[in-house]
Amino acid sequence: MGDWFDNHLFAGAWPTAIVLAGLAIGAAALAVQSGMARLLIVAALLLLGAIAAPIADRLITTPGEHAEAVVRTLVSAAETANLGGMRGCFDRDGSIHYGSSESPGMDFAEIDRGLASLRGKHRIASNRITTLDARTESGVGVVDLSCSTETASMGGMGAVPTDWIITVRQLPDGTWAIHRLVWTRVFRDRPRASMW
């Protein structure tokens, strides 16, 4: 139930507020037509909820929102080949998985090798985020990321679409960092470690 509140009330609360306000108007109209005072109380509570939802959204940062911020920082650092910035986005106990979450994970050394390649042969020439959907799952932030990226190693052949699932968790020091990086697709193929 906590994830539902994080994903629907504390992150992107405007749709919830609009629905609650609509229900409040409906309950108030029904109360006026029927003369039922109790429905006015229900309408008032619904209206209060509609007002509270965006306020709660502004006051509370969910794991999904933390994850979105970390992923945006990572993408920005990757686009400028800022190795320190990229490394700062990762949990040193993190892992990378090629193809799916069920694939065997490789440790931070593999992640670091891939990040270093973005300063060299795979330096990003252009990048566009095509999808970035963040949510909360079991207390951690999960981001589905798709990019269209062209690197120096591609020799001007055009941008390549890639898909990622990125899990971000809170570390003991209170910071949020990427704990699991799953590279699910490059073009229509399953990615391999040798690709970066």
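See the structure printed just above.
Everything quoted here is computed from the prediction, not taken from an experiment.

Caption draft 1: Looking closely at the nonpolar core. Ranked by internal contacts, the top residues of the largest apolar core, which has 33 residues, are Met 86, Phe 90, Leu 145, Ile 166, Ile 178 and Leu 181. Counting only elements with at least two residues in this core, the list comes to helix H4 (63–79), helix H5 (83–87), strand E1 (90–98), helix H6 (108–117), strand E2 (124–137), strand E3 (140–151), strand E4 (160–170) and strand E5 (176–186). At 7 residues, the largest contribution of residues to this core is made by H4. If near-sequence neighbours (up to four positions away) are discounted, Leu 145 is found in contact with Val 71, Val 75, Ile 129, Thr 131, Leu 132, Thr 162, Asp 163, Trp 164 and Ile 166.

Caption draft 2: Expanded view of the pattern of salt bridges. Here the structure, examined in full by the defined rule, presents 7 salt bridges. Across the pair Asp 144 and Arg 135 runs a salt bridge whose closest N-O atoms are separated by 2.7 Å. Taking the relative accessible area as the measure of exposure, Arg 135 reaches 25% and is therefore partly exposed. For Arg 185, the salt bridge identified is with Asp 163, shortest N-O distance 2.5 Å. On the criterion of sequence distance, the pair formed by Arg 185 in strand E5 and Asp 163 in strand E4 is long-range, its members being 22 residues apart.

Caption draft 3: Broad picture of a nonpolar patch on the surface. On the surface, a cluster of nonpolar side chains totalling about 480 Å² of accessible area is made up of Leu 47, Ile 51, Ile 55, Leu 59 and Ile 60. Turning to its location among the elements, Ile 55 is positioned in helix H3 (residues 37–59). Overall, the relative accessible area of 47% leaves Ile 55 in the partly exposed class.

Caption draft 4: Structural view of unusual backbone geometry. Positive phi outside glycine occurs at Ala 81, with the angle close to 60°. One non-glycine residue with positive phi stands out, namely Ser 138, at about 50°. Mapped onto the elements of the fold, Ser 138 is located in the loop between E2 and E3.

Caption draft 5: Representation of the packing of aromatic side chains within the structure. Inspection of the entire model under this criterion finds 3 aromatic pairs. On the basis of an interplanar angle of 55° and a centroid distance of 6.4 Å, the ring pair of Phe 90 and Phe 108 is categorised as tilted. Of this pair, Phe 90 sits in strand E1 while Phe 108 sits in helix H6; the two residues are 18 residues apart in sequence, bridging distant segments of the chain. Taken as a pair, Phe 90 and Phe 108 share a single burial class, namely buried. Residues Tyr 98 and Trp 183 carry aromatic rings whose centres are separated by 6.2 Å and whose planes lie at 50° to one another, so their mutual orientation is tilted.

Caption draft 6: A look at H4. In this model, H4 (17 residues) spans 24 Å end to end at C-alpha, consistent with the 24 Å of a helix rising 1.5 Å per residue. Burial in H4 covers these residues: Pro 63, Gly 64, Ala 67, Val 70, Val 71, Leu 74, Val 75, Ala 77 and Ala 78. Within H4, the buried residues cover an arc of 165° as seen down the axis, which keeps them to one side. Within two residues after H4, Ala 81 carries a phi angle of roughly 60°, on the positive side.

Caption draft 7: Layout of the side chain of His 122. Mapping His 122 onto the fold places it in the loop between H6 and E2. Owing to a relative accessible area of 12%, His 122 belongs among the buried residues under this scheme. A distance of 2.7 Å separates a polar atom in the side chain of His 122 from a polar atom in the side chain of Ser 153.

Cut-offs applied
- Residues numbered from 1 in each chain as written.
- Predicted model: local features only at pLDDT ≥ 70, side-chain atom pairs only at ≥ 80, totals over all residues.
- Heavy atoms only, no water.
- Core = buried A, V, L, I, M, F, W, Y, C linked by side-chain atoms within 4.5 Å.
- Buried < 20%, exposed > 50% of the residue type's maximum accessible area, 1.4 Å probe, protein only.
- Helix = DSSP H or I, 4+ residues; strand = E, 2+ residues; numbered from the N terminus.
- Contact = heavy atoms within 4.5 Å.
- Salt bridge = Lys/Arg side-chain N within 4 Å of Asp/Glu carboxyl O.
- Patch = residues over 30% accessible without salt bridge, like charges linked within 9 Å, V, L, I, M, F, W, Y side chains within 5 Å.
- Areas by Shrake-Rupley, 256 points an atom, 1.4 Å probe, with all protein chains shown as cover.
- Phe/Tyr/Trp six-rings, centres within 6.5 Å; stacked < 30°, edge-to-face > 60°.
- Expected span 1.5 Å × (residues − 1).
- Arc of directions from axis to C-beta.
- Polar contact = N/O pair within 3.5 Å; in protein donor to acceptor, adjacent residues only side chain to side chain.

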